[in-house]
Amino acid sequence: MPFHLTDEQEVIRQSVRELAERELKPMAAILDREHRPPLENIETLAEMGIMGMILPSQYGGSDADHLSYTIAVEEVSRVCATTGVMLAVHLGLACSIINTMGTEEQKQHYLPDMASGKAIGGFCLTEPGAGSDAAALSTAAEEDGSDYLITGQKIFITNAGFAKVFIVMARTTNGISAFIVERDMPGLTISEPEHKMGIRGSSTCTLFFDKVRVPKSNMLGEEGSGFKVAMKGLAGGRIRIAAQALGIAQGAYEEGVKYAKERVQFGKPIAALQAIQWMVADMATDIEAGRLLVYQAADMEDRGLEYTEAASMAKLYCGPMATRVTHTALQIHGGNGYIEGFPIERMYRDARITEIYEGTSEIQRLVIARAILR
Ligand code: CAA
């Protein structure tokens, strides 16, 4: 491992890996096949304190650093990308935004249940007419006495099938504002989950807001600051999606190497063939390059440096890298790679979304170029 990790970070990697191998790996194919949300995995991760690990201990967290959390997302995604994205969005977006932008009352009210995994978080920015152009969102929040009434529609919301707390961006008088919305607030309805190509257990739904009454005290940050809240949240979120991609690639690479050593053709394991050896070398190099970018971005976040550009670089590299590595690892498997039952087929499908959500590769290039040319 070239990037210097502290003893504590190494211990976290080892313990999350053991837990993931023991508890999450056996569930991964089942969640995928049955499109089943990772509810048991949430309990398992919560028992180990992972669901709120970067939150302050006063709100039920463990005061862990962002690099440790990033490694946890990587290790979880190495065996189950569905559980990886659940953790990335819950803690990296929803909890983190409340922790950094919330008032003391908001933090005390929401974070302890979120840290313990009792209340899972979601992040609602995307709309039918506002995907990459997030600022074009039209969901509106209208003042009504001591409340706001939110009306509109949010699509592709990760964790929505079971989440209890949503960060919702909506248009107010002076721009876009961020709100904390609870699942059971009247006027909010949630669709059945989408049927997706990959990360099938991650519950992706549409939220319909019909004059959802939200107290003014649930606004996050200043009125009109919601777009910045979302962008800042996404900068951190992108490191965790890069970590998810890294974990998927690592898992696929290990499957490819294992298969190459076991599969005998032409009288010897195919790992003895130079064609396969080059694939192994290319995958290992690609993963290592991605890992350095991901850890560097998380380390900058921990050191209080500006990390938006580094986060976008990590995601821009790791999304396509996961697609390349899963493609190659599947190729090593030959026909068996195309059959359900070998995990590589699922990993290949799971990898693709990491080039799309939390900002497509094209948007990452835009963020990077703007930072350079500013
Ligand atoms: N931190 C703080 N503020 C930021 C910021 C950051 N990282 N990035 C931008 N801002 C601020 C800017 O400084 C600017 O402020 P001023 O007006 O005061 O100058 C303001 O936000 C507007 O920024 P831009 O001018 O850059 O806005 P834009 O409309 O031109 O475009 C964009 C920005 C980068 C294209 C943005 O729309 C974007 O990131 N689009 C992609 C959306 C996205 O990632 N969606 C993911 C959905 S969530 C998801 O996928 C989660 C999941 O479930 C897995």
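All of these numbers come straight from a predicted model, not from anything done at the bench.

**Q** If you had to explain the site of the ligand to someone new, which residues and values would you point to?
**A** Taken together, 21 residues are adjacent to the ligand, and S132, T158, K228, R238 and R370 come closest. One of the side-chain nitrogen or oxygen atoms of R238 is found 2.8 Å away from an oxygen atom of the ligand. In this structure, E358 approaches the ligand through a main-chain N or O atom, which is 2.8 Å from an oxygen atom. For the ligand, the accessible surface in isolation is 1100 Å², of which the surrounding protein chains cover 69%. Within the residue set of the shell around the ligand, elements represented by two or more residues are α6 (226-262) and α10 (361-373). Looking at which element gives the most residues to the shell around the ligand, the answer is α6, with six residues. Inspection of the shell around the ligand shows a minimum of three residues originating in each of domain 2 (122-224) and domain 3 (227-373).

**Q** With reference to specific residues and values, describe the domain arrangement of the protein.
**A** For interface size, the figure often reported is the accessible area lost on association. Assigned domains of the protein: these are domain 1 (7-118), domain 2 (122-224) and domain 3 (227-373). Tallying the contact residues gives 25 residues for domain 1 and 28 residues for domain 3. The junction of domain 1 with domain 3 conceals about 2100 Å² of combined surface from both sides, 60% of it contributed by carbon and sulfur atoms. Three residues stand out in domain 1 for area buried against domain 3, namely T70, E74 and R78, and they jointly supply 25% of the buried area on that side. Here domain 1 is connected to domain 3 by three salt bridges. Summed over the shared surface of domain 1 and domain 3, the result is 10 residue pairs in polar contact (both at pLDDT 80 or more). When contributions to the side of domain 1 that touches domain 3 are tallied by element, the ones reaching two or more residues are α1 (7-34), α3 (66-79) and α4 (81-101). With 10 residues, α3 is the single largest residue contributor to the side of domain 1 that touches domain 3. Tallied by class, the residues present in the side of domain 1 that touches domain 3 amount to 14 nonpolar, four polar and seven charged.

**Q** Residues and numbers for the nonpolar core, please.
**A** F123 and V181 are the most contacted members of the largest nonpolar core, which has 120 residues in total. Of all the elements, α6 adds the most residues to this core, at 17 residues.

**Q** Tell me about the packing of α4 against helix α5 (residues 104-115), and name the residues and values.
**A** For the pair α4 and α5, interaxial distance at closest approach is 9 Å and the crossing angle is 160°. By the criterion of interaxial angle, the relationship of α4 to α5 is roughly antiparallel. In terms of crossing hand, the pair formed by α4 and α5 is left-handed. Facing H90, A94, C95, I98 and N99 of α4, the residues of α5 in contact are Q106, K107, Y110, L111 and M114. The residue makeup of the contact of α4 with α5, split by class, is six nonpolar, three polar and one charged.

**Q** Give me the lowdown on the packing of helix α7 (residues 274-302) against helix α8 (residues 308-333), citing residues and values where you can.
**A** At a minimum axis separation of 9 Å, α7 and α8 run at an interaxial angle of 155°. What the angle tells us is that α7 and α8 run roughly antiparallel. α7 and α8 meet at a crossing whose hand is left-handed. Taken together, the residues that form the contact of α7 with α8 break down as 20 nonpolar, three polar and two charged.

**Q** Explain unusual backbone geometry to me, and be specific about the residues and the numbers.
**A** Excluding glycine, most residues fall at negative phi; most peptide bonds, likewise, are trans. Of note, the phi angle at D63 is positive, near 60°, even though the residue is not glycine. Checked against the element boundaries, D63 lands in the loop between α2 (39-47) and α3. Judged by its relative accessible area of 49%, D63 falls in the partly exposed class. Here F156, not a glycine, exhibits a phi torsion of approximately 60°, which is positive. Residue position: F156 is located in strand β3 (residues 147-158).

**Q** Explain the pattern of salt bridges to me, and be specific about the residues and the numbers.
**A** Within the structure shown, the criterion is met by 24 salt bridges. As a salt-bridge pair, E254 and R78 come within 2.8 Å of each other at their nearest N and O atoms. Remark: R78 occurs in helix α3 and E254 occurs in helix α6; sequence separation between them is 176 residues. The salt bridge partner of E127 is K154, with a shortest N-O separation of 2.8 Å.

**Q** Go over the packing of aromatic side chains, please, and point to the residues and values.
**A** A complete count under the given rule lists two aromatic pairs for this structure. Seen from their ring centres, Y148 and F179 are 5.0 Å apart, and the 65° between their planes marks the pair as edge-to-face. Taken together, the positions of Y148 in strand β3 and F179 in strand β5 (residues 175-182) put the pair 31 residues apart, joining distant regions of the chain. By relative accessible area, Y148 is classed as buried at 6%. Given the relative accessible area of 0%, F179 is considered buried. Centroid distance Y259 to F342: 6.1 Å. Interplanar angle 80°. Geometry classified as edge-to-face. On the criterion of sequence distance, the pair formed by Y259 in helix α6 and F342 in the loop between α8 and α9 (343-351) is long-range, its members being 83 residues apart. Here K216 stacks its cationic end above the ring of Y148, 6.0 Å away from the centre of that ring. The lysine or arginine in question, R324, covers the ring of Y317, its NZ or CZ lying 5.6 Å from the ring centre.

So, how was this worked out
Residues numbered from 1 in each chain as written. Predicted model: local features only at pLDDT ≥ 70, side-chain atom pairs only at ≥ 80, totals over all residues. Heavy atoms only, no water. Near = heavy atom within 4 Å. Polar contact = N/O pair within 3.5 Å; in protein donor to acceptor, adjacent residues only side chain to side chain. Areas by Shrake-Rupley, 256 points an atom, 1.4 Å probe, with all protein chains shown as cover. Helix = DSSP H or I, 4+ residues; strand = E, 2+ residues; numbered from the N terminus. Domains from an automatic or database assignment. Contact = heavy atoms within 4.5 Å. Buried area = accessible area lost by both parts, 1.4 Å probe. Salt bridge = Lys/Arg side-chain N within 4 Å of Asp/Glu carboxyl O. Nonpolar A, V, L, I, M, F, W, Y, C, P; charged D, E, K, R; others polar. Core = buried A, V, L, I, M, F, W, Y, C linked by side-chain atoms within 4.5 Å. Buried < 20%, exposed > 50% of the residue type's maximum accessible area, 1.4 Å probe, protein only. Axes fitted to C-alpha atoms, helices over the stretch in contact; angles between N-to-C directions. Parallel < 35°, antiparallel > 145°, perpendicular 65-115°, else oblique. Left-handed = near helix turned anticlockwise from the far one by under 90°. Phe/Tyr/Trp six-rings, centres within 6.5 Å; stacked < 30°, edge-to-face > 60°. Lys NZ or Arg CZ within 6 Å of the ring centre and 35° of its normal.

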